[in-house]
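Structural characterization, general
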Amino acid sequence: MRRVIKSLVLSAAVAVAMAPAAARAEGYVSPWAGINFGADVEDGRGAFGVNAGAMGGGIFGAEASFGYSPSFFGTENEFGNNTVIDLMGNLIVGIPIGGQSGAGFRPYVTGGIGMIRTQIDGGTLLDVSIADNDLGWNVGAGVMGFFNDHFGLRGDLRYLSNFSDTSLDDLDFDGTFNYWRASVGVVIR
């Protein structure tokens, strides 16, 4: 009888050890700083923000992205208090090289839709007060590199645009409002 019990206990232990682990989402938060450049921005304007998301099953995930760009159109002397704020909901696809824990890196592509808010409150070049909330979209790519289970760095390049012609006619945009942003930040998972 003792052998039977030992065999059952050993079999149960082997079954538990060999059973697949429960799937879990890999959540992360990534504060960042970046530079806006391209079509509708004076090159080199700074930005900062945060991305937060989760990767389910290792490859596919979703994230929320918030960006704040003070003095986006130029100095306060020229354009007054001027900002661009973007808030996007994105899908993200990334392949974890080195696994989902410990050191490794994850190249990814991302894209989604959300809001782009532009605001200008007067200045010497443009003596108007304009605020506009537009439905926008973004696409991008980057890489997250991890030093251990919980900490790493992230580099990202994104293109942001609104869907329709902007109402900021005084700034002479050709159709939609759009720009590029390169950013780097820490990532905590």
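This text goes with the structure placed above it.
First, a word on what this report is: a plain description of the structure on this page. Predicted, not measured: the structure shown is a model, and the values here were computed from it. (Residues numbered from 1 in each chain as written. Predicted model: local features only at pLDDT ≥ 70, side-chain atom pairs only at ≥ 80, totals over all residues. Heavy atoms only, no water.)

**Quick word on the overall build of the chain**
A tally of helices and strands in the chain yields two helices and eight strands. Reading the chain from its N terminus to its C terminus gives the helix and strand order α-β-β-β-α-β-β-β-β-β. Within the chain, buried positions represent 39% of all 189 residues. Taken as a whole, the chain presents about 10000 Å² of accessible surface, with 65% of it coming from carbon and sulfur. (Helix = DSSP H or I, 4+ residues; strand = E, 2+ residues; numbered from the N terminus. Buried < 20%, exposed > 50% of the residue type's maximum accessible area, 1.4 Å probe, protein only. Areas by Shrake-Rupley, 256 points an atom, 1.4 Å probe, with all protein chains shown as cover.)

**What about unusual backbone geometry?**
Of note, S71 is a non-glycine position whose phi angle comes to about 50°, a positive value. Looking at where S71 falls in the secondary structure, it is placed in the loop between β3 (60-70) and α2 (76-79).

**Observations regarding a nonpolar patch on the surface**
A cluster of nonpolar side chains, namely I59, F60, V93, I95, I97, F105, V109 and V143, defines an oily patch on the protein surface of about 690 Å² accessible area. The topology assignment puts I59 in the loop between β2 (45-56) and β3. I59 sits in the partly exposed class, given a relative accessible area of 34%. (Patch = residues over 30% accessible without salt bridge, like charges linked within 9 Å, V, L, I, M, F, W, Y side chains within 5 Å. Salt bridge = Lys/Arg side-chain N within 4 Å of Asp/Glu carboxyl O.)

**Let's talk about the packing of aromatic side chains**
A ring pair, where both rings are aromatic, is described by two values, the distance of the centres and the angle of the planes. Evaluated as defined, the whole model comprises eight aromatic pairs. For the ring pair F72 and F177, a centre distance of 5.6 Å and an interplane angle of 55° mean the geometry is tilted. Taken together, the residues span a long stretch of sequence, with F72 in the loop between β3 and α2 and F177 in the loop between β7 (151-162) and β8 (178-188) at a distance of 105 residues. The class of F72 is buried, set by a relative accessible area of 0%. Aromatic pair F72 and Y179: ring centres 4.9 Å apart, planes at 70°, arrangement edge-to-face. Here Y179 lies in strand β8 and F72 lies in the loop between β3 and α2, a separation of 107 residues in the sequence. Accessibility assignment for this pair places F72 and Y179 in one class, buried. An aromatic cluster is built from F37, W137, Y159 and W180, whose rings are joined through pairwise contacts. One cation-aromatic arrangement involves R189 over F146; the distance from NZ or CZ to the ring centre is 3.7 Å. (Phe/Tyr/Trp six-rings, centres within 6.5 Å; stacked < 30°, edge-to-face > 60°. Lys NZ or Arg CZ within 6 Å of the ring centre and 35° of its normal.)

**A look at the nonpolar core**
In this structure, F72, F73, V84, M88, I116, I120, L160, F177 and Y179 together form the largest nonpolar core, which totals nine residues. The contacts of I116, once residues within four sequence positions are left out, are V84, I85, D86, M88, D132, N133, D134, G136, L160, S161, N162 and F177. (Core = buried A, V, L, I, M, F, W, Y, C linked by side-chain atoms within 4.5 Å. Contact = heavy atoms within 4.5 Å.)

**Side note on the pattern of salt bridges**
Opposite charge on two side chains permits pairing when their charged atoms draw close. Scanning the entire structure with this criterion turns up seven salt bridges. Linking R181 and D86 is a salt bridge whose minimum nitrogen-to-oxygen distance equals 3.0 Å. Separated by 95 residues along the polypeptide, R181 in strand β8 and D86 in strand β4 (residues 81-94) bring together distant segments of the chain. The pair R181 / D86 is uniform in exposure class, with both members buried. A cluster of three or more residues bridged by salt bridges with shared partners is formed by E63, R154, D156 and R158.

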